[in-house]
Amino acid sequence: MSALWSVGAGLLLLLLWVRHRGLEAVLVHHRWVFVCLFLLPLSILFDIYYHLRAWAVWRLHSAPRQHAQRVRHIQEQVREWKKEGSKRYMCTGRPGWLTVSLRVGKYKKTHKNIMINLMDVLEVDSERQVVRVEPLVSMGQLTAYLNPMGWTIPVVPELDDLTVGGLIMGTGIESSSHIYGLFQHTCVAYELVLADGSLVRCSPTENSDLFYAVPWSCGTLGFLVAAEIKMIPAKKYVKIHYKPVRGLQKICEKFTEESKKKENSFVEGLMYSLDEAVIMTGVLTDEAEQSKINRIGNYYKPWFFKHVEKYLKADRTGVEYIPSRHYYHRHTRSIFWELQDIIPFGNNPVFRYLFGWMVPPKISLLKLTQGEAIRKLYEQHHVVQDMLVPMKSLEKSIQTFHVDLNVYPIWLCPFILPNNPGMVHPKGNETELYVDIGAYGEPKSKQFEARASMRQMEKFVRSVHGFQMLYADCYMTREEFWDMFDGSLYHKLREQMNCKDAFPEVYDKICKAARH
């Protein structure tokens, strides 16, 4: 009874404090209170629900049987839209707050919402080494499904909640991308419901124009209802080498050198300042030295980027064996390093041991509860950006990031970009090595101003023939956008498939200058 009185008194004091400070002030300046007390428990409930659902679907083997029925329902909704006179654009009915993108899409309120309830693994074809999945299957769900069977996918983008549909219609990358390319380059077929309600399959040999136009189109050519993704054999561990490097030129040289080595299964860099970084290389293996195994994904372990920083501070190299699934989702618990701004004490050993099992809060719930004040605060004083630039421009790009943003750590992830048709390809006629430069956090640059600084960054990225990931805030004009991206195939297909009355142009869907 005394414990209940203590809890009640604590809650009463908390409510009085919130009333004194004002709810908005608490949510803005002490967001960790709300996150720890409400969002972390809610996130656990979300996870329990989705895990139980996935388990039930697997046990009943109901996904393949129900898939065709669900697709027919989507087709019926599209045909109903046509009967109504095609007066509004269409979009998926998934609420905007459920997406991992930090952008708030207001178009959901004005467009015809097509409900797409497709979130299951449909088939694992071991002979073809292909897995067929629905678009709302998440990376956490897919690796949990495949790994016990001895399989994984070549590119496993970081965060657990990233979905197959988002990674195809937008893009996805991982530290294996210097071998396999972006997520889209590991896909062998897509199935879409088009603007006329028809169901179409496309691949490099079947409706190939559509196959190459779908990535980066953000759902403006049709509704993705299934995808086929390559599989590779899974191994138990990733043997990872940590190497601190100092001096910007040396960092760029070492990172480029390691990115070109195909014997490296994984290559990644974390920059902690303009001239300090740790470059990590990894190889898949089934054997491990027991004394060097680090189960970094366990809830009580230090956040990965903090663990890596220890090698820099100690100025020493190191070797560890990380269980493969822990490695694939190594940045999930800290949402890269974003969680340190939300829960400043989140990496404290006491917090990790007591509450680390509840981390991270769902990004979707953070979006749902952020409120207008926090949204504006983040928009003006926070950046979440991934810029994809040619590896040959890496040093100049990092210097530009430092001057315009001055955000650290910076994530470096190499990838090979083939000269395929579509919105994103190298300037020349040959495959080229690129690098994703990820900046997430509060800019320390004194002259930072969200719109002006990001427009300056976008201008630089266009000048080196780079690309901006479309999940982030984009400030380009329409002309600048189509200068960055190749719209020739995209526009041709929108004309051929009568998309102009059915879906907004990708620019109108994602760019700040066009959103209402």
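Residues numbered from 1 in each chain as written. Predicted model: local features only at pLDDT ≥ 70, side-chain atom pairs only at ≥ 80, totals over all residues. Heavy atoms only, no water.

Draft legend 1. Structural detail: the overall build of the protein chain. From N to C terminus, the protein chain includes 20 helices and 17 strands. Here the C-alpha atoms of the protein chain give a radius of gyration of 23 Å, agreeing with the 24 Å that 2.2 N^0.38 yields for 516 residues. Put simply, the protein chain has 516 residues, and 55% of those count as buried. Considering only contacts in the protein chain between residues 6 or more positions apart, those separated by 24 or more positions represent 74%. Side-chain charges of the protein chain comprise 64 positive and 54 negative groups, with the mean position of each set lying 4 Å from the other. (Helix = DSSP H or I, 4+ residues; strand = E, 2+ residues; numbered from the N terminus. Rg over C-alpha atoms; globule rule 2.2 N^0.38 Å. Buried < 20%, exposed > 50% of the residue type's maximum accessible area, 1.4 Å probe, protein only. Contact = heavy atoms within 4.5 Å. Lys, Arg positive; Asp, Glu negative; His and termini not counted. Charge placed at Lys NZ, Arg CZ, Asp CG, Glu CD.)

Draft legend 2. Local environment of the packing of helix 16 (residues 394-404) against helix 17 (residues 450-463). Taken N-terminus to C-terminus, the directions of helix 16 and helix 17 make an angle of 170°; their axes are 10 Å apart at the nearest point. Classified by the interaxial angle, the pair formed by helix 16 and helix 17 is roughly antiparallel. Contacts between helix 16 and helix 17 pair Lys-396, Ser-397, Thr-400, Phe-401 and Asp-404 from the former with Ser-453, Gln-456, Met-457 and Phe-460 from the latter. (Axes fitted to C-alpha atoms, helices over the stretch in contact; angles between N-to-C directions. Parallel < 35°, antiparallel > 145°, perpendicular 65-115°, else oblique.)

Draft legend 3. Main features of the environment of Pro-148. Within the fold, Pro-148 resides in the loop between helix 5 (139-146) and strand 5 (151-152). When the C-alpha positions of Pro-148 and Leu-354 are compared, they lie 29 Å apart, and in sequence the two are 206 residues distant.

Draft legend 4. Region of the structure containing the nonpolar core. Judged by nonpolar contacts, the single largest core of 145 residues is most densely connected at Tyr-190, Leu-210, Phe-481 and Phe-485. With sequence-adjacent residues up to four places away left out, Leu-210 is seen in contact with Leu-192, Leu-194, Val-200, Cys-202, Leu-221, Leu-493 and Met-497. (Core = buried A, V, L, I, M, F, W, Y, C linked by side-chain atoms within 4.5 Å.)

Draft legend 5. Examining the sheet that holds strand 12 (residues 276-285) more closely. If you trace the 8 strands from one edge of the open sheet to the other, you get 13-10-12-11-15-16-14-17, paired in antiparallel fashion. The open sheet has two free edges, formed respectively by strand 13 (318-323) and strand 17 (467-468), since each of these has just one partner strand. Of the strand pairs in this sheet, strand 11 (residues 266-273) and strand 15 (residues 410-417) are connected by 3 bridges, and their pairing is antiparallel. When the sheet's bridge partners are listed, Gly-269 is paired in strand 15 with Leu-412. The strands touched by helix 10 (residues 304-314) are strand 10 (237-246), strand 11, strand 12 and strand 13; relative to strand 10, the strand with the most contacts, the crossing angle is about 50°. (Pairing = 2+ DSSP bridges.)

Draft legend 6. Main features of the pattern of salt bridges. Scanning the model with the defined rule gives 28 salt bridges in all. Between Lys-492 and Asp-209 there is a salt bridge, and its shortest N-O distance comes to 3.1 Å. Taken as a pair, Lys-492 in helix 19 (residues 488-496) and Asp-209 in helix 8 (residues 208-213) lie far apart in primary sequence, 283 residues in all. Overall, the relative accessible area of 32% leaves Asp-209 in the partly exposed class. (Salt bridge = Lys/Arg side-chain N within 4 Å of Asp/Glu carboxyl O.)

Draft legend 7. Structural view of the side chain of Ser-397. Structurally, Ser-397 can be placed in helix 16. The class for Ser-397 is buried, based on a relative accessible area of 0%. Every residue in contact with Ser-397, bar those within four places of it in the chain, is listed here: Val-389, Ile-437 and Phe-460.

Draft legend 8. Summary view of the UniProt feature "transmembrane region" (unreviewed entry) in the protein chain. The sites that carry the UniProt feature "transmembrane region" (unreviewed entry) are, in the present numbering, residues 32-52. The span residues 32-52 carries 100% helix and 0% strand; its end-to-end C-alpha distance comes to 28 Å. (UniProt positions renumbered as here; feature names shortened; annotations may be inferred.)

Draft legend 9. Examining the side chain of Thr-256 more closely. As for its position among the elements, Thr-256 is in helix 9 (residues 248-259). According to the relative accessible area criterion, Thr-256 is buried, its value standing at 19%. Side-chain polar atoms of Thr-256 contact the backbone oxygen of Cys-252, separated by 2.7 Å. (Polar contact = N/O pair within 3.5 Å; in protein donor to acceptor, adjacent residues only side chain to side chain.)

Draft legend 10. Local environment of the packing of aromatic side chains. Overall, the coordinates contain 26 aromatic pairs when judged by the stated rule. Aromatic side chains Tyr-299 and Tyr-300 sit 5.2 Å apart centroid to centroid with 85° between the ring planes, which places their arrangement in the edge-to-face category. Tyr-299 gets classed as partly exposed once you look at its relative accessible area, which sits at 34%. Residue placement shows Arg-330 over the ring face of Tyr-327; its charged tip is 4.1 Å from the ring centre. (Phe/Tyr/Trp six-rings, centres within 6.5 Å; stacked < 30°, edge-to-face > 60°. Lys NZ or Arg CZ within 6 Å of the ring centre and 35° of its normal.)

Draft legend 11. Spatial organisation of the sheet that holds strand 8 (residues 223-230). One open sheet accounts for 5 strands, arranged 3-4-8-6-7; its pairing is antiparallel. Here the strands that pair on one side only, and so sit at the sheet edges, are strand 3 (121-125) and strand 7 (199-202). Within the sheet, the average angular offset between the axes of one strand and its neighbour, ignoring direction, is 15°. Judged from the 6 bridges that link them, strand 6 (residues 187-193) and strand 8 form a sheet pairing that is antiparallel. When the sheet's bridge partners are listed, Ala-189 is paired in strand 8 with Glu-228.

Draft legend 12. Main features of helix 16. All buried positions along helix 16 are accounted for by Leu-394, Ser-397, Ile-398, Thr-400, Phe-401 and Asp-404. Buried residues along helix 16 cover an arc of 160° about the axis, so they all sit on one side. Residues of helix 16 that are buried make contact with helix 9, strand 11, strand 14 (383-390), strand 15, strand 16 (432-441) and helix 17. Where helix 16 ends, the next residue or the one after it, Asn-406, has phi of about 55°, a positive value. (Arc of directions from axis to C-beta.)

Draft legend 13. How the structure looks around the pairing of strand 4 (residues 130-133). Across 4 bridges, strand 3 lies against strand 4 in antiparallel orientation. The partner of Val-121 across the bridge, within strand 4, is Val-133. Hairpin connection of strand 3 to strand 4: 4 residues between the antiparallel strands, including Gln-129 at a positive phi of 55°. Note that strand 4 and strand 8 share 4 bridges and pair antiparallel. Bridge pairing in strand 8 places Arg-132 opposite Glu-228.

Draft legend 14. View of a nonpolar patch on the surface. The grouping of Leu-42, Leu-45, Ile-48 and Leu-52 at the surface amounts to a nonpolar patch, some 380 Å² of accessible area in total. Mapped onto the secondary structure, Leu-52 falls in helix 3 (residues 31-60). Judged by its relative accessible area of 54%, Leu-52 is exposed. (Patch = residues over 30% accessible without salt bridge, like charges linked within 9 Å, V, L, I, M, F, W, Y side chains within 5 Å. Areas by Shrake-Rupley, 256 points an atom, 1.4 Å probe, with all protein chains shown as cover.)

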